[in-house]
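Structural overview for review
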Amino acid sequence: MAERPREDVPSEAGAEEAVKIICLGDSAVGKSKLLERFLLDGFRPQQLSTFALTLYQHHARVDGKAVLVDFWDTAGQERFQSMHPSYYHKAHACIMVFDVQRKVTYKNLSNWYKELREFRPEIPCIVVANKIDADMKVTQKSFNFARKLSLPFYFVSAADGTNVVKLFNDAIKLAVTYKQNSGDFMDEVMQELESFDLEKKSEDLSDQEDSSPEEKPPSS
Amino acid sequence: MACVAKKCGVRFQPPSVILIYKEKDKFRRRVMPVRNFSQFSDCGVAAEQLKNNPRHKAYLEGVSLRQLEKLCRLLKGHLGGESLAESLGKLQQEETIDPEEDMNKLDDEELAKRKSIMDELFEKNRKKKDDPDFIYDIEVEFPQDEQLESCGWDAESCEEV
Ligand SMILES: Nc1nc2c(ncn2[C@@H]2O[C@H](COP(=O)(O)OP(=O)(O)OP(=O)(O)O)[C@@H](O)[C@H]2O)c(=O)[nH]1
Ligand SMILES: [Mg+2]
(Lines give C-alpha, C1' and ligand atoms only; values in the text may rest on other atoms or scores of the structure.)
(Ligands and ions follow the chains in the order given, each with its own letter.)
Protein backbone atom coordinates (compact mmCIF):
# COMPACT_ATOMS: atom_id res chain seq x y z
CA MET A 1 0.00 0.00 0.00
CA ALA A 2 1.29 3.45 -0.85
CA GLU A 3 1.73 5.76 2.08
CA ARG A 4 2.40 9.42 1.70
CA PRO A 5 4.12 11.22 4.54
CA ARG A 6 2.08 14.41 4.16
CA GLU A 7 -1.23 12.77 5.01
CA ASP A 8 -1.88 11.15 8.33
CA VAL A 9 -3.13 7.70 7.69
CA PRO A 10 -5.95 6.45 9.87
CA SER A 11 -5.09 3.55 12.08
CA GLU A 12 -7.97 1.37 11.03
CA ALA A 13 -8.53 1.14 7.30
CA GLY A 14 -12.17 0.26 7.85
CA ALA A 15 -12.98 3.83 8.89
CA GLU A 16 -12.03 5.17 5.49
CA GLU A 17 -14.23 6.09 2.62
CA ALA A 18 -12.94 4.38 -0.51
CA VAL A 19 -13.30 5.70 -4.04
CA LYS A 20 -12.15 4.58 -7.46
CA ILE A 21 -11.01 7.11 -10.07
CA ILE A 22 -10.24 6.07 -13.63
CA CYS A 23 -8.06 7.78 -16.23
CA LEU A 24 -9.02 7.73 -19.89
CA GLY A 25 -7.48 9.06 -23.07
CA ASP A 26 -5.40 8.19 -26.11
CA SER A 27 -1.96 6.63 -26.07
CA ALA A 28 0.81 8.98 -24.99
CA VAL A 29 -1.36 11.89 -23.86
CA GLY A 30 0.35 11.72 -20.47
CA LYS A 31 -2.08 9.90 -18.17
CA SER A 32 0.66 7.99 -16.38
CA LYS A 33 2.96 11.00 -16.14
CA LEU A 34 0.18 13.02 -14.55
CA LEU A 35 -0.44 10.36 -11.91
CA GLU A 36 3.26 10.08 -11.24
CA ARG A 37 3.55 13.84 -10.84
CA PHE A 38 0.66 13.89 -8.38
CA LEU A 39 1.88 10.96 -6.31
CA LEU A 40 5.61 11.76 -6.70
CA ASP A 41 7.39 8.75 -5.29
CA GLY A 42 4.79 8.09 -2.65
CA PHE A 43 3.33 5.41 -4.81
CA ARG A 44 4.12 1.84 -5.58
CA PRO A 45 2.00 0.95 -8.56
CA GLN A 46 0.72 -2.51 -9.03
CA GLN A 47 1.13 -3.46 -12.63
CA LEU A 48 -1.11 -5.95 -14.33
CA SER A 49 -0.62 -7.69 -17.68
CA THR A 50 2.09 -5.76 -19.48
CA PHE A 51 1.13 -2.21 -18.71
CA ALA A 52 -2.50 -2.62 -19.70
CA LEU A 53 -3.54 -1.64 -16.23
CA THR A 54 -1.72 0.13 -13.44
CA LEU A 55 -3.27 0.65 -10.03
CA TYR A 56 -2.14 3.35 -7.63
CA GLN A 57 -3.36 3.71 -4.09
CA HIS A 58 -3.44 7.03 -2.36
CA HIS A 59 -4.54 8.26 1.07
CA ALA A 60 -6.30 11.58 1.00
CA ARG A 61 -8.41 13.73 3.29
CA VAL A 62 -11.66 15.32 2.29
CA ASP A 63 -13.37 17.56 4.85
CA GLY A 64 -11.27 16.03 7.59
CA LYS A 65 -12.24 12.52 6.65
CA ALA A 66 -9.81 9.90 5.48
CA VAL A 67 -10.33 8.69 1.94
CA LEU A 68 -8.62 5.76 0.31
CA VAL A 69 -8.32 6.42 -3.42
CA ASP A 70 -7.72 3.79 -6.05
CA PHE A 71 -6.46 5.33 -9.27
CA TRP A 72 -6.86 3.12 -12.31
CA ASP A 73 -4.62 3.89 -15.25
CA THR A 74 -4.91 2.02 -18.50
CA ALA A 75 -3.03 2.16 -21.79
CA GLY A 76 -4.71 3.95 -24.65
CA GLN A 77 -3.74 1.28 -27.16
CA GLU A 78 -6.64 -0.30 -28.95
CA ARG A 79 -5.63 -3.84 -28.20
CA PHE A 80 -6.60 -3.30 -24.58
CA GLN A 81 -10.14 -2.24 -25.37
CA SER A 82 -11.65 -5.58 -24.42
CA MET A 83 -10.80 -5.06 -20.78
CA HIS A 84 -12.62 -1.77 -20.53
CA PRO A 85 -15.88 -3.07 -19.01
CA SER A 86 -14.12 -4.15 -15.84
CA TYR A 87 -12.14 -0.94 -15.89
CA TYR A 88 -15.28 1.17 -15.63
CA HIS A 89 -16.88 -1.07 -13.05
CA LYS A 90 -17.83 0.89 -9.92
CA ALA A 91 -15.72 3.93 -10.81
CA HIS A 92 -16.70 7.11 -8.95
CA ALA A 93 -15.01 9.69 -11.14
CA CYS A 94 -13.15 9.91 -14.41
CA ILE A 95 -10.22 12.00 -15.58
CA MET A 96 -10.20 12.26 -19.37
CA VAL A 97 -6.97 13.52 -20.89
CA PHE A 98 -5.90 14.86 -24.29
CA ASP A 99 -2.60 16.22 -25.60
CA VAL A 100 -2.73 19.90 -26.63
CA GLN A 101 -0.17 19.18 -29.30
CA ARG A 102 -2.19 16.48 -31.05
CA LYS A 103 -5.59 17.18 -32.50
CA VAL A 104 -6.45 13.47 -32.87
CA THR A 105 -6.35 13.02 -29.14
CA TYR A 106 -8.86 15.86 -28.73
CA LYS A 107 -11.10 14.47 -31.45
CA ASN A 108 -11.04 11.11 -29.78
CA LEU A 109 -12.42 12.51 -26.54
CA SER A 110 -15.91 12.04 -27.91
CA ASN A 111 -15.28 8.30 -28.33
CA TRP A 112 -13.85 7.94 -24.85
CA TYR A 113 -16.75 9.90 -23.47
CA LYS A 114 -19.32 7.81 -25.30
CA GLU A 115 -17.82 4.62 -23.95
CA LEU A 116 -17.62 6.06 -20.44
CA ARG A 117 -21.30 6.96 -20.51
CA GLU A 118 -22.30 3.51 -21.71
CA PHE A 119 -20.88 2.04 -18.54
CA ARG A 120 -21.11 4.91 -16.09
CA PRO A 121 -23.86 7.32 -17.14
CA GLU A 122 -23.63 9.55 -14.10
CA ILE A 123 -20.14 9.79 -12.67
CA PRO A 124 -18.30 13.12 -12.64
CA CYS A 125 -15.85 13.51 -15.49
CA ILE A 126 -13.06 16.08 -15.74
CA VAL A 127 -11.59 17.00 -19.13
CA VAL A 128 -7.87 17.67 -19.05
CA ALA A 129 -5.67 19.47 -21.59
CA ASN A 130 -2.14 18.21 -20.86
CA LYS A 131 1.33 19.37 -21.99
CA ILE A 132 0.63 23.10 -21.89
CA ASP A 133 4.33 23.59 -21.14
CA ALA A 134 4.96 22.70 -24.78
CA ASP A 135 2.86 25.61 -26.00
CA MET A 136 1.48 28.07 -23.48
CA LYS A 137 -0.52 29.86 -26.18
CA VAL A 138 -3.14 27.11 -26.13
CA THR A 139 -4.27 28.32 -22.73
CA GLN A 140 -5.59 31.45 -24.47
CA LYS A 141 -7.82 29.40 -26.74
CA SER A 142 -11.24 27.95 -26.21
CA PHE A 143 -11.86 24.22 -26.27
CA ASN A 144 -15.56 23.61 -26.57
CA PHE A 145 -15.77 19.89 -25.94
CA ALA A 146 -15.97 20.27 -22.19
CA ARG A 147 -18.19 23.34 -22.27
CA LYS A 148 -20.79 21.72 -24.51
CA LEU A 149 -21.12 18.87 -22.06
CA SER A 150 -20.83 21.14 -19.02
CA LEU A 151 -17.79 19.25 -17.78
CA PRO A 152 -15.02 20.80 -15.69
CA PHE A 153 -11.94 21.59 -17.78
CA TYR A 154 -8.31 21.99 -16.68
CA PHE A 155 -5.12 23.08 -18.42
CA VAL A 156 -2.25 21.10 -16.92
CA SER A 157 1.34 20.04 -17.41
CA ALA A 158 2.75 16.84 -16.01
CA ALA A 159 6.20 18.21 -16.83
CA ASP A 160 6.20 21.47 -14.88
CA GLY A 161 3.35 20.49 -12.57
CA THR A 162 0.85 23.23 -13.41
CA ASN A 163 -2.58 22.42 -11.93
CA VAL A 164 -1.80 18.71 -11.48
CA VAL A 165 -2.35 18.59 -7.74
CA LYS A 166 -5.48 20.70 -8.02
CA LEU A 167 -6.83 18.40 -10.72
CA PHE A 168 -6.45 15.23 -8.69
CA ASN A 169 -7.63 16.75 -5.42
CA ASP A 170 -10.74 18.09 -7.15
CA ALA A 171 -11.32 14.70 -8.77
CA ILE A 172 -11.12 13.03 -5.37
CA LYS A 173 -13.65 15.48 -3.92
CA LEU A 174 -16.01 14.89 -6.83
CA ALA A 175 -15.66 11.15 -6.45
CA VAL A 176 -16.43 11.27 -2.74
CA THR A 177 -19.41 13.56 -3.27
CA TYR A 178 -20.69 11.31 -6.02
CA LYS A 179 -20.34 8.23 -3.91
CA GLN A 180 -22.15 9.81 -0.99
CA ASN A 181 -25.02 11.31 -2.96
CA SER A 182 -25.42 9.09 -5.93
CA GLY A 183 -27.65 6.30 -7.00
CA ASP A 184 -24.70 4.07 -6.34
CA PHE A 185 -25.14 4.63 -2.68
CA MET A 186 -28.85 4.01 -3.09
CA ASP A 187 -28.07 0.82 -4.94
CA GLU A 188 -26.16 -0.37 -1.96
CA VAL A 189 -28.95 0.49 0.44
CA MET A 190 -31.41 -1.25 -1.81
CA GLN A 191 -29.24 -4.30 -1.93
CA GLU A 192 -28.98 -4.24 1.80
CA LEU A 193 -32.75 -4.19 2.06
CA GLU A 194 -33.11 -6.86 -0.53
CA SER A 195 -30.72 -9.13 1.22
CA PHE A 196 -32.76 -8.81 4.39
CA ASP A 197 -35.74 -9.79 2.40
CA LEU A 198 -33.94 -12.54 0.62
CA GLU A 199 -32.78 -14.26 3.72
CA LYS A 200 -36.21 -15.79 3.73
CA LYS A 201 -36.62 -16.53 0.05
CA SER A 202 -33.09 -16.95 -1.17
CA GLU A 203 -34.06 -18.49 -4.53
CA ASP A 204 -34.66 -14.98 -5.90
CA LEU A 205 -31.15 -13.82 -5.22
CA SER A 206 -29.65 -14.53 -8.62
CA ASP A 207 -32.43 -12.73 -10.45
CA GLN A 208 -32.05 -9.65 -8.34
CA GLU A 209 -28.36 -9.45 -8.89
CA ASP A 210 -28.56 -9.72 -12.63
CA SER A 211 -30.95 -6.83 -12.93
CA SER A 212 -28.38 -4.07 -12.43
CA PRO A 213 -25.94 -3.66 -15.31
CA GLU A 214 -23.65 -1.40 -13.30
CA GLU A 215 -23.11 -3.92 -10.61
CA LYS A 216 -21.81 -6.73 -12.74
CA PRO A 217 -18.62 -8.25 -11.41
CA PRO A 218 -15.48 -7.54 -13.43
CA SER A 219 -15.37 -9.85 -16.42
CA SER A 220 -11.73 -10.66 -16.14
CA MET B 1 41.10 17.04 -19.72
CA ALA B 2 39.03 20.22 -19.58
CA CYS B 3 37.53 20.35 -23.01
CA VAL B 4 33.95 21.30 -23.71
CA ALA B 5 32.23 20.09 -26.85
CA LYS B 6 30.63 22.98 -28.71
CA LYS B 7 29.52 21.74 -32.10
CA CYS B 8 29.82 18.69 -34.24
CA GLY B 9 29.42 17.83 -37.87
CA VAL B 10 30.63 15.48 -40.57
CA ARG B 11 33.12 15.32 -43.39
CA PHE B 12 32.23 12.93 -46.19
CA GLN B 13 35.68 12.22 -47.55
CA PRO B 14 36.98 10.16 -45.81
CA PRO B 15 33.92 9.56 -43.61
CA SER B 16 34.64 11.48 -40.41
CA VAL B 17 32.97 13.15 -37.50
CA ILE B 18 34.21 16.63 -36.72
CA LEU B 19 34.10 18.16 -33.30
CA ILE B 20 34.57 21.81 -32.39
CA TYR B 21 35.47 22.09 -28.74
CA LYS B 22 36.81 24.62 -26.32
CA GLU B 23 39.92 24.04 -24.29
CA LYS B 24 41.45 26.71 -22.08
CA ASP B 25 39.48 29.49 -23.80
CA LYS B 26 40.56 28.34 -27.24
CA PHE B 27 38.38 26.77 -29.87
CA ARG B 28 39.84 23.70 -31.49
CA ARG B 29 38.78 21.25 -34.11
CA ARG B 30 39.15 17.52 -34.01
CA VAL B 31 38.63 15.25 -36.98
CA MET B 32 37.68 11.69 -36.09
CA PRO B 33 37.61 9.26 -39.01
CA VAL B 34 34.90 6.62 -38.82
CA ARG B 35 36.79 3.50 -39.79
CA ASN B 36 35.55 0.62 -41.91
CA PHE B 37 32.33 2.44 -42.57
CA SER B 38 30.10 1.70 -45.56
CA GLN B 39 26.53 2.30 -46.67
CA PHE B 40 25.67 -1.04 -45.05
CA SER B 41 27.16 -0.31 -41.63
CA ASP B 42 25.14 -0.18 -38.45
CA CYS B 43 25.15 3.44 -37.28
CA GLY B 44 24.44 2.54 -33.67
CA VAL B 45 27.52 0.34 -33.55
CA ALA B 46 29.66 2.90 -35.35
CA ALA B 47 28.58 5.59 -32.90
CA GLU B 48 29.40 3.39 -29.95
CA GLN B 49 32.83 2.54 -31.31
CA LEU B 50 33.57 6.20 -31.77
CA LYS B 51 32.38 7.08 -28.31
CA ASN B 52 34.45 4.33 -26.71
CA ASN B 53 37.53 4.89 -28.83
CA PRO B 54 40.33 5.55 -26.30
CA ARG B 55 41.74 8.36 -28.41
CA HIS B 56 38.44 10.24 -28.75
CA LYS B 57 36.69 9.29 -25.56
CA ALA B 58 37.62 12.32 -23.51
CA TYR B 59 36.60 14.71 -26.27
CA LEU B 60 33.26 13.05 -26.86
CA GLU B 61 32.13 13.03 -23.27
CA GLY B 62 29.68 15.86 -23.85
CA VAL B 63 28.34 14.42 -27.08
CA SER B 64 25.46 11.99 -26.76
CA LEU B 65 25.45 8.60 -28.38
CA ARG B 66 22.31 9.62 -30.15
CA GLN B 67 23.99 12.65 -31.69
CA LEU B 68 26.89 10.53 -32.90
CA GLU B 69 24.50 8.03 -34.38
CA LYS B 70 22.75 10.82 -36.27
CA LEU B 71 26.05 12.00 -37.69
CA CYS B 72 26.86 8.47 -38.81
CA ARG B 73 23.48 8.30 -40.50
CA LEU B 74 24.42 11.36 -42.54
CA LEU B 75 27.65 9.64 -43.58
CA LYS B 76 25.77 6.49 -44.44
CA GLY B 77 23.21 8.39 -46.47
CA HIS B 78 25.96 10.01 -48.48
CA LEU B 79 27.66 6.69 -49.16
CA GLY B 80 24.28 5.36 -50.30
CA GLY B 81 23.86 8.19 -52.77
CA GLU B 82 21.47 10.42 -50.85
CA SER B 83 21.82 14.17 -50.88
CA LEU B 84 22.53 15.85 -47.57
CA ALA B 85 19.09 17.47 -47.68
CA GLU B 86 17.45 14.07 -48.14
CA SER B 87 19.35 12.54 -45.24
CA LEU B 88 18.56 15.48 -42.99
CA GLY B 89 14.92 15.31 -43.98
CA LYS B 90 14.73 11.64 -43.03
CA LEU B 91 16.37 12.26 -39.68
CA GLN B 92 14.05 15.15 -39.00
CA GLN B 93 11.01 13.06 -39.79
CA GLU B 94 12.03 10.33 -37.41
CA GLU B 95 12.49 12.85 -34.67
CA THR B 96 9.26 14.68 -34.90
CA ILE B 97 5.84 13.60 -33.85
CA ASP B 98 3.29 13.43 -36.61
CA PRO B 99 0.40 15.25 -34.94
CA GLU B 100 -2.13 13.43 -37.10
CA GLU B 101 -0.98 9.95 -36.20
CA ASP B 102 -3.37 7.78 -34.20
CA MET B 103 -1.02 6.31 -31.63
CA ASN B 104 -3.68 3.98 -30.22
CA LYS B 105 -2.94 1.72 -33.17
CA LEU B 106 0.81 1.48 -32.68
CA ASP B 107 2.53 -1.58 -31.27
CA ASP B 108 4.61 -1.32 -28.12
CA GLU B 109 7.89 -0.72 -29.86
CA GLU B 110 6.63 2.03 -32.14
CA LEU B 111 4.79 3.68 -29.27
CA ALA B 112 7.94 3.59 -27.16
CA LYS B 113 9.81 5.34 -29.98
CA ARG B 114 7.24 8.14 -30.09
CA LYS B 115 7.38 8.48 -26.34
CA SER B 116 11.14 8.76 -26.34
CA ILE B 117 10.89 11.61 -28.84
CA MET B 118 8.34 13.27 -26.56
CA ASP B 119 10.60 12.68 -23.59
CA GLU B 120 13.12 15.16 -24.89
CA LEU B 121 10.79 18.12 -24.37
CA PHE B 122 9.27 16.55 -21.29
CA GLU B 123 12.66 16.29 -19.59
CA LYS B 124 13.61 19.80 -20.70
CA ASN B 125 10.50 21.36 -19.19
CA ARG B 126 10.36 19.10 -16.22
CA LYS B 127 10.51 20.41 -12.68
CA LYS B 128 11.90 17.59 -10.59
CA LYS B 129 11.14 16.86 -7.00
CA ASP B 130 14.79 17.40 -6.09
CA ASP B 131 15.09 20.80 -7.78
CA PRO B 132 15.56 23.54 -5.19
CA ASP B 133 12.68 25.53 -6.65
CA PHE B 134 10.31 22.60 -6.83
CA ILE B 135 6.76 23.38 -5.74
CA TYR B 136 4.36 20.49 -5.28
CA ASP B 137 1.09 22.31 -5.80
CA ILE B 138 1.18 24.90 -8.58
CA GLU B 139 -2.16 26.43 -9.41
CA VAL B 140 -2.69 28.74 -12.34
CA GLU B 141 -6.06 29.93 -13.52
CA PHE B 142 -6.82 29.97 -17.22
CA PRO B 143 -10.34 31.31 -17.59
CA GLN B 144 -12.27 29.80 -20.49
CA ASP B 145 -14.61 32.63 -21.34
CA GLU B 146 -16.55 33.20 -24.53
CA GLN B 147 -14.21 35.79 -26.01
CA LEU B 148 -11.31 33.42 -26.49
CA GLU B 149 -10.18 32.48 -29.95
CA SER B 150 -11.20 28.95 -30.85
CA CYS B 151 -8.58 26.22 -30.81
CA GLY B 152 -9.76 25.33 -34.29
CA TRP B 153 -10.28 21.69 -33.41
CA ASP B 154 -13.94 21.87 -32.58
CA ALA B 155 -15.63 21.80 -35.96
CA GLU B 156 -17.04 18.27 -36.07
CA SER B 157 -16.00 16.76 -32.78
CA CYS B 158 -18.69 18.45 -30.72
CA GLU B 159 -21.55 17.62 -33.04
CA GLU B 160 -20.78 13.95 -32.68
CA VAL B 161 -21.41 13.86 -28.96
N1 LIG C 1 6.10 18.32 -22.74
C2 LIG C 1 5.37 17.44 -22.05
N3 LIG C 1 5.43 16.13 -22.34
C4 LIG C 1 4.67 15.27 -21.62
C5 LIG C 1 3.82 15.71 -20.58
N6 LIG C 1 3.21 14.62 -20.05
C7 LIG C 1 3.66 13.57 -20.75
N8 LIG C 1 4.54 13.94 -21.69
C9 LIG C 1 5.24 13.08 -22.65
O10 LIG C 1 4.30 12.20 -23.21
C11 LIG C 1 4.79 10.88 -23.16
C12 LIG C 1 3.67 9.91 -22.89
O13 LIG C 1 3.23 10.04 -21.56
P14 LIG C 1 2.56 8.83 -20.79
O15 LIG C 1 2.28 9.29 -19.41
O16 LIG C 1 3.34 7.61 -20.97
O17 LIG C 1 1.20 8.72 -21.62
P18 LIG C 1 -0.05 7.75 -21.33
O19 LIG C 1 -1.27 8.58 -21.57
O20 LIG C 1 0.08 7.11 -20.00
O21 LIG C 1 0.09 6.71 -22.51
P22 LIG C 1 -0.43 5.18 -22.58
O23 LIG C 1 -0.22 4.56 -21.24
O24 LIG C 1 0.40 4.56 -23.65
O25 LIG C 1 -1.87 5.25 -22.99
C26 LIG C 1 5.84 10.85 -22.06
O27 LIG C 1 6.87 9.95 -22.41
C28 LIG C 1 6.34 12.27 -22.01
O29 LIG C 1 7.50 12.39 -22.79
C30 LIG C 1 3.78 17.12 -20.29
O31 LIG C 1 3.08 17.61 -19.41
N32 LIG C 1 4.58 17.93 -21.07
MG1 LIG D 1 0.22 5.12 -19.40
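These figures come from a predicted structure and were not determined experimentally.

1. What to know about the overall build of chain B
For chain B, the helix and strand inventory stands at 5 helices and 4 strands. In chain B, the succession of α and β elements from N to C terminus is β-β-β-α-α-α-α-β-α. When the backbone C-alpha atoms are referred to their principal axes, chain B occupies close to 60 × 45 × 30 Å. Put simply, chain B has 161 residues, and 30% of those count as buried. Contacts in chain B between residues far apart in sequence, at least 24 positions, make up 35% of those at least 6 positions apart. By element, 49% of the accessible surface of chain B is carried by carbon and sulfur atoms, the whole surface being about 10,800 Å². Charge-centre separation for chain B: the mean point of 27 positive side chains lies 18 Å from the mean point of 34 negative side chains.

2. Let's talk about the nonpolar core
Judged by nonpolar contacts, the single largest core of 72 residues is most densely connected at Phe71, Met96, Phe98 and Ile172 of chain A. It is helix α6 (residues 164–181) of chain A that contributes the most residues to this core, 9 residues altogether. With residues near it in sequence (within four places) discarded, Phe71 of chain A still touches Ile21, Leu35, Phe38, Leu39, Thr54, Leu55, Tyr56, His58, Phe168 and Ile172 of chain A. Judged by nonpolar contacts, the second largest core, of 20 residues, contains Leu19, Cys43, Leu50 and Leu71 of chain B.

3. Some thoughts on the site of ligand 1
As a matter of local geometry, ligand 1 sits amid 22 residues, with Lys31, Gly76, Asp133 and Ala158 of chain A together with Asp119 of chain B nearest to it. Nearby residues place ligand 1 at the junction of chains A and B. Asn130 of chain A places a polar side-chain atom, nitrogen or oxygen, 3.2 Å from a nitrogen atom of ligand 1. The side chain of Asp119 of chain B places a nitrogen or oxygen atom 2.5 Å from an oxygen atom of ligand 1. Protein contact buries 95% of the 660 Å² of open area that ligand 1 shows by itself. Every element with two or more residues in the shell around ligand 1 is listed here: α1 (31–39) of chain A together with α4 (108–125) of chain B.

4. Examining the packing of helix α1 (residues 43–52) of chain B against helix α2 (residues 65–79) of chain B
Residues and elements named next belong to chain B. At a closest axis distance of 8 Å, the pairing of α1 and α2 adopts a crossing angle of 120°. Classed by the angle they form, the pair α1 and α2 counts as oblique. Crossing geometry of α1 relative to α2 is assigned as right-handed. Two secondary-structure elements touch here, α1 through Cys43, Gly44, Ala46, Ala47, Glu48, Leu50 and Lys51 and α2 through Leu65, Leu68, Glu69, Cys72, Arg73 and Lys76.

5. Details of the environment of Glu78 of chain A
Within the secondary structure layout, Glu78 of chain A lies in the loop between β4 (65–74) and α2 (84–88). A relative accessible area of 34% means that Glu78 of chain A is categorised as partly exposed. Glu78 of chain A sits 51 residues away from Ser27 of chain A along the chain, and the two C-alpha atoms are 8.8 Å apart. Not counting residues up to four positions away in its chain, the partners in contact with Glu78 of chain A are Asp102, Asn104 and Lys105 of chain B.

6. Looking at α1 of chain B
Residue and element names in this part refer to chain B. Along α1, the residues that are buried comprise Cys43, Gly44, Ala46, Ala47 and Leu50. End-on view of α1: buried residues confined to an arc of 165°, all on one side of the axis. Those residues of α1 hidden inside the fold are in contact with β2 (16–23), β3 (26–33) and α2. With a side-chain oxygen lying 2.8 Å from the backbone nitrogen of Gly44, the N-terminal cap of α1 falls on Asp42.

7. Notes on the pattern of salt bridges
Residue and element names in this part refer to chain B. One pass over the structure, following the stated rule, counts 20 salt bridges over all chains. Between Glu101 and Arg114 there is a salt bridge whose closest N-O contact spans 2.7 Å. Of the two residues, Glu101 is situated in the loop between α3 (84–95) and α4 and Arg114 in helix α4; the sequence distance between them amounts to 13 residues. For Arg114, a relative accessible area of 15% gives the class buried. One salt bridge in this structure joins Lys128 and Glu123, with 3.9 Å as the shortest N-O distance. Look at Lys128 and you get partly exposed, because its relative accessible area is 38%. Each of Arg66, Lys70, Glu95 and Glu120 takes part in one network of salt bridges that share partners.

8. Description of the confidence of the model for chain B
Residue and element names in this part refer to chain B. Across chain B, pLDDT averages 91, with 96% of residues at or above 70. In the model, residues 157–161 has pLDDT below 50 throughout and makes 12 contacts with residues more than four positions away in sequence or in other chains. Confidence metrics for the complex model read pTM 0.76 and ipTM 0.76.

9. Examining the sheet that holds strand β1 (residues 3–11) of chain B
All names here are of chain B. The 3 strands are arranged β1-β2-β3 in an open sheet whose pairing can be described as antiparallel. What marks the edges here is a single partner per strand, and that holds for β1 and β3. Pairwise comparison of adjacent strand axes, ignoring direction, gives a mean angle of 25° for this sheet. For β1 and β2, the ladder comprises 8 bridges, and the chain directions are antiparallel. The partner of Val4 across the bridge, within β2, is Lys22. Relative to β1, α2 is tilted by about 20°, and along the sheet it contacts β1 and β2.

The rules we used
- Residues numbered from 1 in each chain as written.
- Chains lettered and ligands numbered in written order.
- Predicted model: local features only at pLDDT ≥ 70, side-chain atom pairs only at ≥ 80, totals over all residues.
- Heavy atoms only, no water.
- Helix = DSSP H or I, 4+ residues; strand = E, 2+ residues; numbered from the N terminus.
- Buried < 20%, exposed > 50% of the residue type's maximum accessible area, 1.4 Å probe, protein only.
- Contact = heavy atoms within 4.5 Å.
- Areas by Shrake-Rupley, 256 points an atom, 1.4 Å probe, with all protein chains shown as cover.
- Lys, Arg positive; Asp, Glu negative; His and termini not counted.
- Charge placed at Lys NZ, Arg CZ, Asp CG, Glu CD.
- Core = buried A, V, L, I, M, F, W, Y, C linked by side-chain atoms within 4.5 Å.
- Near = heavy atom within 4 Å.
- Polar contact = N/O pair within 3.5 Å; in protein donor to acceptor, adjacent residues only side chain to side chain.
- Axes fitted to C-alpha atoms, helices over the stretch in contact; angles between N-to-C directions.
- Parallel < 35°, antiparallel > 145°, perpendicular 65-115°, else oblique.
- Left-handed = near helix turned anticlockwise from the far one by under 90°.
- Arc of directions from axis to C-beta.
- Salt bridge = Lys/Arg side-chain N within 4 Å of Asp/Glu carboxyl O.
- pLDDT = per-residue confidence, 0-100.
- Pairing = 2+ DSSP bridges.

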